[in-house]
Amino acid sequence: MPVFTSSTVGLPDVREVPRHVAIIMDGNGRWATSRLLPRVAGHAKGVEAVRNTVEACARRGVEFLTLFAFSSENWRRPPDEVSLLMRLFMTALQRELAGLTENGIRLRVVGDLSAFEPRIRELVEVATARPVPAARMTLTVAANYGGRWDILQAMRRLLVERPDLAADPRLIDEAALEPFLAMAGCPEPDLFIRTGGEQRISNFLLWQLAYTELYFTDTFWPDFDAAALDKAILSYRSRERRFGQTSAQIAASA
Ligand code: IPE
Ligand code: IPE
Ligand code: MG
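Note on numbering: residues in each chain are counted from 1, in written sequence order. The order in which chains are written sets their letters, starting at A; the order in which ligands are written sets their numbers, starting at 1. A pLDDT threshold of at least 70 governs which residues receive local features in this predicted model, and a stricter bar of 80 or more applies before side-chain atom pairs are shown or counted, although totals over entire chains, interfaces and linings include all residues. Side-chain measures were taken over the full set of non-hydrogen atoms in the model, leaving aside hydrogen atoms and water.

Student: Talk me through the environment of Ser 253; I want residue IDs and the actual numbers.
Tutor: Summarising the element assignment, Ser 253 is placed in helix 9 (residues 247–253). A 1.4 Å probe rolled over the protein chains alone gives each residue an accessible area, and that area as a share of the maximum for its type sets the label: buried under 20%, exposed over 50%, partly exposed in between. You can call Ser 253 exposed: its relative accessible area is 59%. Each C-alpha atom of the pair Ser 253 and Val 14 lies 12 Å from the other, and the pair is 239 residues apart in sequence. Counted as a polar contact is a pair of N or O atoms within 3.5 Å, where, for protein atoms, one must be capable of donating a hydrogen and the other of accepting one, and residues adjacent in sequence contribute only when both atoms are in side chains. A distance of 3.1 Å separates a polar side-chain atom of Ser 253 from the backbone oxygen of Ile 250. The secondary structure listing takes helices from DSSP runs of H or I that are at least 4 residues long and strands from runs of E that are at least 2 residues long, numbered from the N terminus.

Student: Give me the nonpolar core: which residues, what numbers.
Tutor: Working definition of a nonpolar core: buried Ala, Val, Leu, Ile, Met, Phe, Trp, Tyr and Cys residues. They are joined through side-chain atoms within 4.5 Å. Core analysis: the biggest nonpolar cluster contains 43 residues, and Leu 65, Phe 89, Leu 139 and Ile 193 have the highest contact counts within it. Tallying contributions element by element places helix 3 (residues 79–102) first for this core, with 8 residues. Leaving out residues up to four positions away in the same chain, Leu 65 has contacts with His 20, Val 21, Ile 23, Thr 53, Val 54, Cys 57, Met 137, Thr 138, Leu 139 and Thr 140. Of all hydrophobic cores here, the second largest spans 14 residues; its members include Ile 24, Ala 182, Met 183 and Phe 192. By definition in these notes, contact holds between two residues if any of their heavy atoms fall within 4.5 Å.

Student: How would you summarise the packing of helix 2 (residues 39–60) against helix 3 if you had to cite specific residues and measurements?
Tutor: When two helices pack together, their arrangement is captured by the angle between the axes and the distance separating the axes. Inter-axis angles, ranging from 0 to 180 degrees, are taken between N-to-C directions of lines fitted to C-alpha atoms, where helices are fitted over the stretch in contact. Axis separation between helix 2 and helix 3 bottoms out at 11 Å; the angle between their running directions is 25 degrees. Between helix 2 and helix 3, the angle is such that the two are roughly parallel. Where helix 2 crosses over helix 3, the handedness of that crossing is right-handed. For the pair formed by helix 2 and helix 3, the contact residues are Arg 39, Val 40, His 43, Ala 44, Val 47, Arg 51 and Val 54 on the first element and Glu 81, Leu 84, Leu 85, Leu 88, Ala 92, Glu 96 and Leu 100 on the second. Residue polarity is assigned by list, with Asp, Glu, Lys and Arg as charged and Ala, Val, Leu, Ile, Met, Phe, Trp, Tyr, Cys and Pro as nonpolar; anything else, Gly included, falls into the polar class. When grouped by side-chain class, the residues that make up the contact of helix 2 with helix 3 number 9 nonpolar, 1 polar and 4 charged. Angle categories are assigned with fixed cut-offs, so that under 35 degrees is roughly parallel, over 145 is roughly antiparallel, 65 to 115 is roughly perpendicular, and the rest are oblique. Here is the rule for handedness: rotate from the far helix to the near one, and if that takes an anticlockwise turn smaller than a right angle the crossing is left-handed, while a clockwise turn gives right-handed.

Student: Summarise the side chain of Asn 203; cite the residues concerned and give the values.
Tutor: Considering the arrangement of structural elements, one finds Asn 203 in the loop between strand 5 (191–194) and strand 6 (213–216). Looking at Asn 203, its side chain comes within polar contact range of the main-chain nitrogen of Arg 148, at 3.0 Å. Residues contacting Asn 203, with those up to four places away along its chain left out, are Phe 68, Ser 72, Glu 73, Tyr 145, Gly 146, Gly 147 and Arg 148.

Student: Can you lay out the packing of aromatic side chains for me, pointing to particular residues and giving the numbers?
Tutor: Only centres within 6.5 Å qualify two rings of Phe, Tyr or Trp (six-membered ring in Trp) as a pair; their planes then separate them into stacked at under 30 degrees, edge-to-face at over 60, and tilted for everything else. Under the counting rule described, the total for this entry stands at 10 aromatic pairs. For the pair Phe 68 and Phe 204, a centre-to-centre distance of 4.4 Å together with 10 degrees between the ring planes defines the contact as stacked. Within this pair, whereas Phe 68 is found in strand 2 (residues 64–71), its partner Phe 204 is found in the loop between strand 5 and strand 6, the two being separated by 136 residues in sequence. Phe 204 sits in the buried class, given a relative accessible area of 0%. On the numbers, 5.1 Å between centres and 20 degrees between planes, the contact of Trp 221 with Phe 224 is stacked. Three or more aromatic residues joined by ring pairs form one cluster here, namely Phe 68, Tyr 145, Trp 149 and Phe 204.

Student: Tell me what's going on with the packing of helix 3 against helix 4 (residues 118–129), and back it up with residues and numbers.
Tutor: Contact geometry of helix 3 with helix 4 gives a least axis separation of 11 Å together with a crossing angle of 25 degrees. When the interaxial angle is binned, helix 3 and helix 4 end up roughly parallel. Regarding helix 3 and helix 4, the two cross each other, and that crossing is left-handed. From helix 3, Met 86, Phe 89, Met 90, Leu 93, Gln 94 and Leu 97 reach across to helix 4, where they touch Arg 119, Ile 120, Leu 123, Val 124 and Ala 127. Tallied by class, the residues present in the contact of helix 3 with helix 4 amount to 9 nonpolar, 1 polar and 1 charged.

All quantities given are derived from atomic positions and should not be read as evidence of function.
This is how it looks when you write it as C-alpha cells:
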C-alpha cells in the first residue's frame, strides 16, 4: 500500500482532477417526500445515482471515491427504514459487484461492521476480497461509519500493537496512528461534496477532511449526476489550496 503525505505534515500534490472525492449522499428522503413518495423510493433512486457517480468519477480520472452510505447515528431512524437501507445495501452489493470488477473498480467497505447481520458481513467480505488487477479507481463505501469511532478504534489498535507507545505517549505522532485509521492507504480527500442542502460534516471523515475543499449543493442525492459532479469539480478547480502557506508562496512554487 502506498504511503500518502498527511496534509498537516507535508504539502500534498494538487491536481486538476481531484484524486480523492468523498461524498455525503444526502436528501433521499426529501427527494421522495417532495414527490409524495415514501422515503424508501428516494433511497432506491439514490442507488442509481451511486451507479452514475461511480462511472462518472472513474471516467474523469478520480482515483479514490468514498461514499457515506450509513452513519453510526443512522441507527436512530425508524427500524423499518433501517432494515430497508440494509436490504438495499445488500442487493446493491450483489447486483453491482460484477460491473465494478469489469470496470476496474476495487471495492472497500469501512465502518463498524460488527453491528451488521452475518449475511451482510459475509457478502462484504466476499465483495471486497475480489482481486481487481490494475484497478483504475478504489470505491470505498462507509457503512456504520463515524469519524469519532474511527479515531478511537485506530488509537485502541495502535496501543495494543505498540505497547511501547502506550508506555510513552509522547512518541505517538500522526504517522503512527494513520495506518490504523479506516482509510489507511488512501490519500486524504481533495474534494468533499454534500448534497441535500445541509452544510455539516455529520461525523464523516473527521481526521481525513482536515484540508479538504468543501462543496455543498442543494441538489438532492437522487438527482445528482455527471453534470452536477462537473460543477463540483469546477468549483474545486477555482480554489487556491494553501495548506497554511501564503498565496505568494503558492505562486512562487507553481
Ligand atoms: C441520505 O438521505 C441517505 C442516508 C442517510 C442513508 P436521507 O435519508 O438522509 O434524506 P433526507 O436528509 O431525510 O432528505
Ligand atoms: C449523513 O446524512 C449520513 C449519510 C448520508 C449516510 P444524515 O441525513 O444522516 O445527516 P444529518 O442527520 O442530517 O446530519
Ligand atoms: Mg439526511
